[in-house]
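So you can see what is in the structure, the chains are spelled out below.
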Amino acid sequence: VIKIMKEQRTYLCIDMKTFYASVECAERGYNPFETNLVVADGSRGKGALCLAISPKLKALGVKNRCRLFEIPKGIEYEIAKPRMSKYIEYAADIYEIYLNYVAKEDIHVYSIDESFIDATDYLKIYNLTAKEFAAKLVNEIANKKRIPSTVGIGTNLYLAKAALDITAKKSKDHMGYLDEELYRKTLWEHQPITDFWQVGKGTANRLSRYGIKDMKGVAETPQELMYKTFGINAELLIDHAWGRESCTIADIKNYKGKSKSISNSQILLEDYTYDKAKIVITEMALNGCQEMMKSHLITNHVGISVGYSKDTIQPTGGTMKMTETTNVFSIVNKYVKKLFQTTTDKKIPIRRLSIWFSDLCD
């Protein structure tokens, strides 16, 4: 019997530490590890949500995503107003740095501040170890953009993510490495189980009913019980309990969803009146129609959502089926306008807007 061994792959999962806060520190010439800075809209008062805090504040015990009033009174800090366009600009520049060393086919942008890279072939090209290659990338990001990074290295995408989220935090060089054997040896009994990717509080609570509190418990539980409890999602949970993950970046690139939709959301930088928000939602409808035209797509379903200042009331909005299937703005905007006029509270300041087009077809 001839066994064909699959080449072991090496993935990097690179995360920009407290990205928004680090960008604001970089713009001001501050060291984020020595500066107390929060990214929040100070005009909303002490109840404003901190979108990010600097590593220095984290080291002082301040929790990310806290409210301003939750920061201990003895700690002095600087407030930076959120600038999403600036964060997108930095993220694009960092992506360009990756492209200097890696083809776009081997990069998966997971979020604005986190990316996966299949480094397998490049380790041979540059004659570097995985840690040396990761260090080369993060050092260039630090030198050119002054943004600190953390890296997870793994033999599959899941292990790279677990190494980033759990192992790298305890490492002096802010890098972690995991293969399947090391994962089972070092993280099988790690708690809380919610530290692992895609294990939320709901999943953890359902597992705890059977006395399962870690990944070793998941791996040792009869699969029949897991499938009975979680349905088809049990397959992913069981694989991850053993440190397995078959999905590759190539699989992600080739994936095509069964249903198509286009959406756009905005968090406004200040409270908008009904009339000002109406102008913005109209512009969002225009952008959506232009995107559909570029992609040769048409729709017959449109939806909007409106969020209000300081969450005064629950968001409003809805969906509407159009009598036409089109991407023509003058037609689509009639439905957007009608939805906005009939569902939006005209007296309460508006802070968030979302629009989407579904059931797209060629």
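Residues numbered from 1 in each chain as written. Predicted model: local features only at pLDDT ≥ 70, side-chain atom pairs only at ≥ 80, totals over all residues. Heavy atoms only, no water.

S.K.: Can you lay out the packing of helix 10 (residues 223-230) against helix 11 (residues 234-241) for me, pointing to particular residues and giving the numbers?
M.R.: When two helices pack together, their arrangement is given by the angle between the helix axes and the distance between those axes. The interhelical angle for the contact between helix 10 and helix 11, taken along N-to-C directions, is 135°, at an axis separation of 9 Å. In terms of orientation, helix 10 and helix 11 fall into the oblique class. On helix 11, the residues that touch Gln223, Met226, Tyr227 and Phe230 of helix 10 are Ala234, Glu235, Leu237 and Ile238. (Axes fitted to C-alpha atoms, helices over the stretch in contact; angles between N-to-C directions. Helix = DSSP H or I, 4+ residues; strand = E, 2+ residues; numbered from the N terminus. Parallel < 35°, antiparallel > 145°, perpendicular 65-115°, else oblique. Contact = heavy atoms within 4.5 Å.)

S.K.: I'd like a description of the sheet that holds strand 1 (residues 11-16), backed by residues and values.
M.R.: Read across the sheet, 5 strands follow the order 5-6-1-7-8 without closing on themselves; strand pairing throughout is mixed. Of all strands in the sheet, those with a lone pairing partner are strand 5 (107-111) and strand 8 (175-178), marking the two edges. Across this sheet, the average inter-strand angle for adjacent strands is 15°, counted without regard to direction. As judged from the 6 bridges shared by strand 1 and strand 7 (residues 149-154), these two strands associate in the antiparallel manner. By the bridge assignment, Cys13 is partnered in strand 7 with Gly152. (Pairing = 2+ DSSP bridges.)

S.K.: Report on the packing of aromatic side chains, specifying residues and quantitative values.
M.R.: Evaluated as defined, the whole model comprises 9 aromatic pairs. Pairing Tyr101 with Tyr126 gives two aromatic rings, centres 6.0 Å apart and planes at 70°, and the pair type is edge-to-face. Residue Tyr101 is found in the loop between helix 3 (84-99) and strand 5, and its partner Tyr126 is found in helix 4 (residues 120-126); the two are separated by 25 residues along the sequence. Looking at Tyr126, the relative accessible area reads 29%, which means it is partly exposed. Taking the centre distance of 5.7 Å and the plane angle of 80° together, the rings of Tyr110 and Phe116 count as edge-to-face. Since its relative accessible area comes to 36%, Tyr110 is described here as partly exposed. Among the aromatic residues, ring-to-ring pairing joins Phe19, Tyr20 and Tyr87 into one connected group. (Phe/Tyr/Trp six-rings, centres within 6.5 Å; stacked < 30°, edge-to-face > 60°. Buried < 20%, exposed > 50% of the residue type's maximum accessible area, 1.4 Å probe, protein only.)

S.K.: So what's going on with the pairing of strand 10 (residues 299-308)? Residues and values would help.
M.R.: For strand 10, a buried count of 8 out of 10 residues is recorded, marking the element as mostly surrounded by other parts of the structure. Two strands pair when backbone bridges link them, and strand 10 and strand 11 (residues 316-326) are joined in this way by 7 bridges, in the antiparallel orientation. Looking across to strand 11, one finds that Gly303 is bridged to Thr319. Of the pairings in the sheet, the one linking strand 10 to strand 12 (residues 350-358) comprises 8 bridges and is antiparallel in character. Bridged to Ser305 within strand 12 is Ser354.

S.K.: Tell me what's going on with the packing of helix 3 against helix 5 (residues 130-145), and back it up with residues and numbers.
M.R.: At their nearest, the axes of helix 3 and helix 5 sit 10 Å apart, and the two run at 135° to each other. As summarised for this structure, helix 3 and helix 5 are arranged oblique, according to the angle between their axes. Two packed elements cross with a definite hand, and for helix 3 against helix 5 that hand is right-handed. Facing helix 3, whose interface residues are Tyr90, Asp93, Ile94, Ile97 and Tyr98, helix 5 presents Glu140, Ile141, Lys144 and Lys145. (Left-handed = near helix turned anticlockwise from the far one by under 90°.)

In short, the description is geometric, and any link to function would need to be established separately.
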